[in-house]
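Below are the chains, spelled out letter by letter.
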Amino acid sequence: MTARLPSGHERLDQILDGGLPANAINMIIGPPGSGKTILSQQYVFHNASPDRPAVYLSTVSEPFDKILRYAESLGFFDPAAVGKSVFYEDLGGALIANGLEGARASIDRILKGRRPAMLVIDSFKALRAFCSDEAQFRRFLHELASELSALAVSSFWVGEYEREEATQAPEFAVADAILALSLRRLNAREIRVLQVVKLRGSGFASGEHAYRVSSRGIDVFPRLADPTDLSAYAMGSERVSTGVAALDGLLGDGYWQGSSTVVAGPTGVGKTLLGLHFILGGAARGEPGIIASLQENESQLSRLAGGFGWSLHAPGVEVMSRSPVDIYIDEWVYELLDRVQKVGARRVLIDSLGDLSLAAGEELRFREWMYSLTQRFSRLGISPLMTLEIADLFEVRRLSEGAFSQLADNVVVLQYIRSRSEIRRAVTVLKTRASQHDIQIREFRISEEGIVLGEPLRDA
Amino acid sequence: MADSSQTPAYSISAVARMLGISPSALRSWEERYGTVRPARSKGSQRQYSRAQVDQLLFVKGQLDDGVQLSQAFRLLAQQLEMGVQPAAAPVRPPSHPILILLAERDPYAAELEEYFLRTEGYDVRVALSAAEAERLLTEQSPEVVIVDLLISGNQGLDFCRRIRERGGIRVLAVAAMDLGDEALAAGAEAFLQKPLAPLQLVSTVKDLLGTSALARVGARMPAR
């Protein structure tokens, strides 16, 4: 493997299979405001040392002083490093006075004088305006790339290029790696996405990875898309209780450990309640669980649980409540996976899939995401229970969000049943993978102790 | 990023010469104490890093001060355990400009390497082809030759062998590919994979010249 240049951000390096290639030409492209300058400075401050300094060259689109002024507000900016291991210099003057020849001479002087291990040119795209014809620009590119390739220097060419330009502009052919930052419209909102367009000599995590920009720098959330790994997909040999004794019986003694369950049903029917049974029942048996809610906040959940005499502060119960507004599914899932690891969770309640599906924006993406998540849980022997709201209030005839239930090992449907003047609740186990189960429509009621199963409905 | 002082570069004979001891003594130190274990190339040749050379120089310094070998290695192990890397041995400045022949296929690399070597006070002749390098070797008698193994369609290894036949010339081989084994087998004393960091290039040349600088008295003077 070629030597790598880490970013200091573990998840970004994961996407890049270890990091960008060291001693190579790396391009960071994207529209104004996408965080290109911030990302390149993250690399600079993470890697520069007095022995292996970095030089940051501004050209003509970002004035020199402005880059420094904004850089100062970034969490990773180290003023003590400036002038010792990080050097900011202006290439704009040489460009304006002597065009590309002037820029080449300045870069040559810097490479020999400062002997940098990293060299950033921001904006590289601005250089194009200083050439009279294509041939001149290509000659400049060839000479610059040749000189940079002759030295152990990692260079970053930063520019406001469109993604489409990556297939045409000659600088992209010279580059060893290309990272594209862009804004993607999802319904009424915009999300920032990072994509690896090219990475010579290495694999990388393909597709669009959401990221956020803050004063801490760029925070990336790799697209959860685990490759199919049939060997690793093995449900445990133990059963886990649903937390409702009679329902365990319907399932043939509960769920298999590591299996995923979708609880589908209309609003108010008791999906969250069944989920609480699952988590609190598990915690009581010494199996820690996480309630990951996008529906209710912690106090609403506490009130709901308190109504049945339960406490969410019980040992082994962790609540992760997030608003579904402006949520990134991959950001959310990494937080969940971190929490799972931290508390050693064996059970997870996800309430609800609908919120996450809306946040994903695309059905295909959401299916891939959910598939990866359930596979990961399965490999870890963690049993997720996921709620899914369905529109039909009565007599559920089909699951319109069938794709979600296909991805789950178990599907439990809760529904309302009209019976003369009263409305009753009923539960049906539609599917359990790898076990026998009764396909009955069983009445249930919500009592002071939670869900209590009644008799099968013969003629509802 | 990798610290260049940890990069395996030097052959056992180069290190033995730098220390003024035999390669067999070096092998026995490695076997008995295991404190300084050079990396092995694909072809199982020992390749010492600059840091390891400094460690062995530390041991040698202790021996010269009358310390027993086992005690010298114990002192080294203690230093390394504390995270202290023995400092590089000072190199005595040469009494005259040293001539380096740079046989480099890439004109951009040649220009930069020449610049970095000249700023260190070396006299440099550049050849961009194997034929030119042969001519300069005969005419100029350099003390060090830096050879890009891929020069003139991979003629660098043959060139290394011919330099070895002449004897007394330090050879630093470089290439974009990992040809360390082939280089050492052809007589090079050190190999560096390109691209080169200026500091690494200069310090490797200094290391190769280190003992020759110390042992310069009475040594062959280059014919100019």
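You'll find the structure just up there.
In this report, the structure presented in the accompanying data block is examined. Everything quoted here is computed from the prediction, not taken from an experiment. (Residues numbered from 1 in each chain as written. Chains lettered and ligands numbered in written order. Predicted model: local features only at pLDDT ≥ 70, side-chain atom pairs only at ≥ 80, totals over all residues. Heavy atoms only, no water.)

To continue, consider the interface of chain A and chain B. Listed by partner, the interface residues are 22 residues for chain A and 15 residues for chain B. For the pairing of chain A and chain B, the buried interface totals around 1,600 Å² over both sides, and the portion due to carbon and sulfur atoms is 65%. For the pair chain A and chain B, the interface holds one salt bridge. Here B:Glu111 and A:Lys112 are joined by a salt bridge, their closest N and O atoms 2.4 Å apart. Contributing elements (two or more residues each) for the side of chain A that touches chain B: β1 (4–5), α4 (92–113) and α5 (134–149) of chain A. The element contributing the most residues to the side of chain A that touches chain B is α5(A), with five residues. Residue composition of the side of chain A that touches chain B, grouped by class: eight nonpolar, six polar and eight charged. (Contact = heavy atoms within 4.5 Å. Buried area = accessible area lost by both parts, 1.4 Å probe. Salt bridge = Lys/Arg side-chain N within 4 Å of Asp/Glu carboxyl O. Helix = DSSP H or I, 4+ residues; strand = E, 2+ residues; numbered from the N terminus. Nonpolar A, V, L, I, M, F, W, Y, C, P; charged D, E, K, R; others polar.)

Time to look at the sheet that holds strand β19 (residues 410–419) of chain A. Residues and elements named next belong to chain A. Spatially, nine strands are ordered β16-β15-β17-β18-β14-β19-β20-β21-β22 in an open sheet, and the strand pairing comes out mixed. The sheet terminates laterally at β16 (317–321) and β22 (450–456), the two strands that pair on one side only. The sheet shows a mean angle of 25° between the axes of neighbouring strands, taken without regard to direction. Alignment of strand β14 (residues 261–265) against strand β18 (residues 383–389), held across five bridges, turns out to be parallel. Its bridge partner being in β18, Gly265 is matched across the sheet by Glu389. Seen against the sheet, helix α11 (residues 353–360) touches β14, β17 (347–351) and β18 and runs at an angle of roughly 80° to β18. (Pairing = 2+ DSSP bridges. Axes fitted to C-alpha atoms, helices over the stretch in contact; angles between N-to-C directions.)

Residue and element names in this part refer to chain A. Assignment of secondary structure puts Gly281 in helix α8 (residues 271–284). A C-alpha to C-alpha distance of 60 Å links Gly281 and Val174, two positions 107 residues apart in sequence. Aside from chain neighbours lying at most four places away, what touches Gly281 is Leu276 and Arg347.

Moving on, we come to the packing of α4(A) against helix α5 (residues 107–119) of chain B. Think of two packed helices as two axes; the pair is described by the angle between the axes and how far apart they sit. Running from N to C, α4(A) and α5(B) point in directions that differ by 50°, and their axes come no closer than 11 Å. When the interaxial angle is binned, α4(A) and α5(B) end up oblique. The crossing of α4(A) and α5(B) is right-handed. Residues A:Arg104, A:Asp108, A:Leu111 and A:Lys112 of α4(A) lie in contact with α5(B), whose contacting residues are B:Tyr108, B:Glu111, B:Leu112, B:Tyr115 and B:Phe116. Split into classes, the residues belonging to the contact of α4(A) with α5(B) amount to five nonpolar, no polar and four charged. (Parallel < 35°, antiparallel > 145°, perpendicular 65-115°, else oblique. Left-handed = near helix turned anticlockwise from the far one by under 90°.)

All right, on to unusual backbone geometry then. Residues and elements named next belong to chain A. Residue Ser123 is bonded to the preceding Asp122 through a cis peptide linkage, with omega at 10°. Locating Ser123 in the fold gives a position in the loop between β6 (118–122) and α5. Residue Ser352 follows Asp351 across a cis peptide bond; omega there is 15°. Take Ser352: it is sitting in the loop between β17 and α11. Although it is not a glycine, Arg115 adopts a positive phi angle of roughly 50°. Position of Arg115 among the secondary structure elements: in the loop between α4 and β6. By relative accessible area, Arg115 is classed as partly exposed at 26%. (Buried < 20%, exposed > 50% of the residue type's maximum accessible area, 1.4 Å probe, protein only.)

Residues and elements named next belong to chain A. With 40 residues, the main nonpolar core has Trp332, Leu336, Ile350, Trp369, Met370 and Phe377 as its most contacted residues. With seven residues, helix α10 (residues 329–343) is the largest single contributor of residues to this core. The contact partners of Trp369, leaving out residues within four places of it in the chain, are Leu224, Ile329, Asp330, Trp332, Val333 and Leu356. Membership of the second largest hydrophobic core comes to 39 residues, among which are Leu111, Leu119, Ile121 and Ala180. (Core = buried A, V, L, I, M, F, W, Y, C linked by side-chain atoms within 4.5 Å.)

Glancing now at α5(A). Here α5(A) spans 22 Å end to end across 16 residues, near enough to the 22 Å set by a 1.5 Å rise per residue. Among the residues making up α5(A), those that are buried are A:Phe137, A:Phe140, A:Leu141, A:Leu144, A:Ala145, A:Ser146, A:Glu147 and A:Leu148. Packing partners of the buried residues in α5(A) comprise β3 (25–29), α4, β6, β7 (154–159) and α6 (170–174) of chain A together with α5 of chain B. Regarding α5(A), its N-cap is A:Asp133, as a side-chain oxygen of that residue lies 3.0 Å from the backbone nitrogen of A:Ala135 further along. (Expected span 1.5 Å × (residues − 1). Polar contact = N/O pair within 3.5 Å; in protein donor to acceptor, adjacent residues only side chain to side chain.)

The next point concerns empty space enclosed by the protein. Under the definition given, this model contains two cavities of 30 Å³ or more. Of the volumes computed, that of the largest cavity is approximately 50 Å³. What lines the largest cavity is B:Leu26, B:Trp29, B:Glu30, B:Tyr33, B:Gly34, B:Thr35, B:Val36, B:Pro38, B:Tyr48, B:Leu56 and B:Phe73. Ranked by residue count, the leading element in the lining of the largest cavity is helix α2 (residues 23–33) of chain B, at four residues. Its residues assigned to classes, the lining of the largest cavity shows eight nonpolar, two polar and one charged. In terms of lining residues, the second largest cavity is bounded by A:Ala150, A:Leu151, B:Ala109, B:Leu112, B:Glu113, B:Phe116, B:Leu196, B:Ala197, B:Pro198 and B:Leu201. Breaking the lining of the second largest cavity down by element, the ones donating at least two residues are α5 and α10 (198–214) of chain B. Residue classes in the lining of the second largest cavity are distributed as nine nonpolar, no polar and one charged. (1 Å grid on protein atoms, 1.4 Å probe; cavity = no way out; pocket = protein on both sides within 12 Å on 5 of 7 lines; lining within 4 Å. Points joined across faces, edges and corners; volume = space filled by probe spheres on them.)

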